[in-house]
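# Notes for the structure review
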Amino acid sequence: MPEVPVTGTTGGEVHLQVRAADGAVVGARGRLTFEATATGGPDGTLTAPQDSFDTTVTVASGPDLGLTTGGDIEHAQPGSRQTLPFTLTHHGNETAHGFTVTMTASYGLRYANRYDACVYTTSSGDEYAPMSYATCTFDRASPRESPSDSPSRYRSS
C-alpha cells in the first residue's frame, strides 16, 4: 500500500485531487470510498476500514484555473532584486474569458517590472502600512493553456 504525504499543522491532512476521466460526460457521478491506516495510535495503529468514509462527486464543465508560485523569498537585502515566478494554468475543458490575477507587494517592496496587461495601485496607508497591488487582466485562456508563465520581479527598499 503506498504512503500518502500529509500536510498541515493540525496533525496532518491529506489533500486529494480528483479529475474527470477523459471522455466523461457532464453530470456523470461516482462514489469515492476511503480507507486508511496510521501508525502511532494508543494501540500502535489507527484504522479506518474500507468504505468507512465516502463522498459522491459529479462531473462538471467549465474553466479550471490554477496558480502556482515559486515559493517564499527569504533573506532579501534592501536594494536587491528578487524574482517570484508564478504560473497560471488552465486545467478545465472550456475557455476562460476575462479573468484577473492580483498580486500584493508589502510595504518596502515595489514592482521592478511593469506589464501592459497590469494596473498598478498603492493603498493610502491610512490604517496600515502602504501596500502595492498589481492587477493583471487576461482576455482568455483555452483549456490546457498557460496564459502566464512570467516571473514577477520585486525590488526591496
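My aim in this report is to walk through the structure given alongside it, one point at a time. As the structure is a prediction and not an experimental result, all values here were calculated from the model.

Rules behind the numbers
Residues numbered from 1 in each chain as written. Predicted model: local features only at pLDDT ≥ 70, side-chain atom pairs only at ≥ 80, totals over all residues. Heavy atoms only, no water. Helix = DSSP H or I, 4+ residues; strand = E, 2+ residues; numbered from the N terminus. Contact = heavy atoms within 4.5 Å. Areas by Shrake-Rupley, 256 points an atom, 1.4 Å probe, with all protein chains shown as cover. Salt bridge = Lys/Arg side-chain N within 4 Å of Asp/Glu carboxyl O. Pairing = 2+ DSSP bridges. Axes fitted to C-alpha atoms, helices over the stretch in contact; angles between N-to-C directions. Phe/Tyr/Trp six-rings, centres within 6.5 Å; stacked < 30°, edge-to-face > 60°. Buried < 20%, exposed > 50% of the residue type's maximum accessible area, 1.4 Å probe, protein only. Lys NZ or Arg CZ within 6 Å of the ring centre and 35° of its normal.

## As for the overall build of the chain
Helix and strand counts for the chain stand at zero helices and nine strands. For the chain, the α and β elements follow one another from N to C terminus as β-β-β-β-β-β-β-β-β. Of the contacts made within the chain by residues no fewer than 6 positions apart, 60% connect residues no fewer than 24 positions apart. Of the roughly 11,500 Å² that the chain leaves accessible, carbon and sulfur atoms contribute 50%.

## Overview of the environment of P63
Note on placement: P63 falls in the loop between β2 (45–58) and β3 (65–69). Residues P63 and E94 lie 31 residues apart in sequence; the distance between their C-alpha atoms is 5.1 Å. Sequence-distant contacts of P63, that is, excluding residues within four places in its chain, are made with H90, G92, E94, T95 and A96.

## Overview of the pattern of salt bridges
Side-chain pairing between opposite charges can occur once the charged atoms of the two side chains come close. One pass over the structure, following the stated rule, counts one salt bridge. The closest approach of N and O atoms between D54 and R31, which form a salt bridge, is 3.7 Å. Of this pair, D54 sits in strand β2 while R31 sits in strand β1 (residues 29–39), placing them 23 residues apart in sequence.

## Side note on the sheet that holds strand β5 (residues 96–105)
As summarised here, the arrangement of the three strands in space is β5-β8-β7, forming an open sheet in which the pairing is antiparallel. Of all strands in the sheet, those bounded by a partner on one side alone are β5 and β7 (118–122). The mean angle between the axes of side-by-side strands here comes to 20°, regardless of whether they run parallel or antiparallel. Relative to strand β8 (residues 132–141), β5 runs antiparallel, the two being bridged by nine bridges. Paired with T100 across the bridge in β8 is T137.

## Overview of the packing of aromatic side chains
The tally for this structure, following the rule as stated, stands at two aromatic pairs. Taking the centre distance of 5.3 Å and the plane angle of 20° together, the rings of F99 and F138 count as stacked. Separated by 39 residues along the polypeptide, F99 in strand β5 and F138 in strand β8 bring together distant segments of the chain. Taking the relative accessible area as the measure of exposure, F99 reaches 10% and is therefore buried. The ring of Y120 carries the charged tip of R114 above its face, separated from the ring centre by 4.3 Å.

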